[in-house]
Amino acid sequence: MIPFLSLKDVTALHEPLITEAVSRVVNSGWYLQGQENERFEADYAAYIGTSHAVGCANGLDALIWIFRAYIEMGEMAPGDEVIVPANTFIATVMAITENGLVPVFVEPRRDTLEIDGDLIEARINSRTKAVCIVHLYGRNAYTEQIGRICKEYGLKLIEDNAQAHGCRTADGRRTGSLGDAAGHSFYPGKNLGALGDAGAVTTNDASLAETVRSLANYGSTRKYIFKYCGRNSRLDEIQAAVLDVKLSFLDEDNDRRRNIAHYYNTHINNPAVTLPALLPDPQNVYHLYPVLCERRDALAEHLKTAGIASLIHYPVPPHKQECYSEYSGLSLPVTEYIAAHELSLPIGPAISIEEAAQVVEAINAF
Ligand SMILES: *Cc1c(COP(=O)(O)O)cnc(C)c1O
């Protein structure tokens, strides 16, 4: 059986360093807000190319804290609108609605599956405060057009970088450093994954970083002094230590993903299966390898029979979820098409070319 992603194999790639890092924290007697957080935050900020990285409990919180901080800083207010891709994981949208902000869904392009820059301007009005782009599937979703629109209309550009750690633009900048602030998830299955939940915010804005740090620690500005009603959303020392080890191998791990993706790109030749438009290398870290197929469920079944796992990202788009019933009447046909026809093939740093060859063989025989 070829699994979709074996986290056991992913962790094994960097043993014994991961276990050494965990033991170091276990034996230190210091489990929160210590040296491990400090080191990881400094290393991650340097890696992404921002002046600040602030660790927090998970990727959803990272995004929630960015919008909440802008509200506390007086830059946004409940009722303001945020433009967001309709084709994304639900967390992007929940970070907006959690803050009483209003998501304005914009369709993706059919070839890239990422937000369509041509459709953004028509959705801007006097209540629009931000554009939140998502580097979905590990692909860079930033374009000069989007950057220009945000500048022209004075909108914040927020990045959801949960799926794209290490991804770069054509000119070499890392995703997560392109806008005003970025939310990162270190959920175990992500390209940079912890051994549990973890997240971070990156930004060049010192006061935003300080506000996020405070909000994620009860809203405290110094011990027992509370400026905001925050929450406990801290990154723990064990996760920070593990993440710092894995960060040093992230580019190498992403190159392994690219090898598998290149193999799929050049060997899948079944006309029933559509591959996303290629984006040259630094701009894709292949968190997922999505394909489109008219007979998607039959393809998944065919792969399963061949001993190959696959997953759908995502079977129900945010606007069709029960929790967002107020948006269920929206017409977002491209997003709905993707939800009905997308299938993600196995990809990860621990998959071999031999396994990829089996996947290709099964796909081409469908
Ligand atoms: C995983 C993910 C998140 C949320 O991250 P968690 O750490 O699971 O809270 C947000 N946005 C996207 C696009 C994701 O894939």
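Going by the structure above, here's the rest.
Residues numbered from 1 in each chain as written. Predicted model: local features only at pLDDT ≥ 70, side-chain atom pairs only at ≥ 80, totals over all residues. Heavy atoms only, no water.

Details of the sheet that holds strand β1 (residues 52–56)
Stage number 1. Taken together, the seven strands give an open sheet; going across it, the order is β1-β7-β6-β5-β4-β2-β3, and neighbouring strands pair in mixed fashion. Because the sheet does not close on itself, it has two edges, and the strands there are β1 and β3 (102–106). Sheet twist, expressed as the average angle between the axes of neighbouring strands with direction ignored, equals 20 degrees.
Stage number 2. Pairing of strand β4 (residues 128–134) with strand β5 (residues 156–160), which is carried by five bridges, proceeds in the parallel orientation. Paired with C132 across the strands is I158, a residue of β5.
Stage number 3. Running over the sheet, helix α3 (residues 35–48) touches β1, β6 (181–185) and β7 (199–203) and is turned about 130 degrees from β1. (Pairing = 2+ DSSP bridges. Helix = DSSP H or I, 4+ residues; strand = E, 2+ residues; numbered from the N terminus. Axes fitted to C-alpha atoms, helices over the stretch in contact; angles between N-to-C directions. Contact = heavy atoms within 4.5 Å.)

Some details on the sheet that holds strand β12 (residues 342–345)
Stage number 1. Overall, antiparallel pairing links the three strands, which are arranged β10-β11-β12 in an open sheet. With one partner strand each, in any of the chains shown, β10 (273–274) and β12 form the two edges of the open sheet.
Stage number 2. Pairing between β10 and strand β11 (residues 289–293): two bridges, direction antiparallel. Note on β11: the bridge partner recorded for V273 is C293.

Considerations on helix α7 (residues 206–215)
Stage number 1. Those residues of α7 that fall on the buried side of the exposure criterion are L208, A209, T211, V212, S214 and L215.
Stage number 2. Looking at the packing, one finds that the buried side of α7 touches β1, α4 (59–72), β6, β7 and β8 (220–222).
Stage number 3. N-cap assignment for α7: the residue whose side-chain oxygen lies 3.0 Å from the backbone N of S207 is D205. (Buried < 20%, exposed > 50% of the residue type's maximum accessible area, 1.4 Å probe, protein only. Polar contact = N/O pair within 3.5 Å; in protein donor to acceptor, adjacent residues only side chain to side chain.)

Focus on the pairing of β11
Stage number 1. Of all five residues in β11, five are buried; the element is thus mostly enclosed.
Stage number 2. Pairing analysis gives four bridges linking β11 to β12, with the strands arranged antiparallel. Bridge pairing links V291 to L343 in β12.

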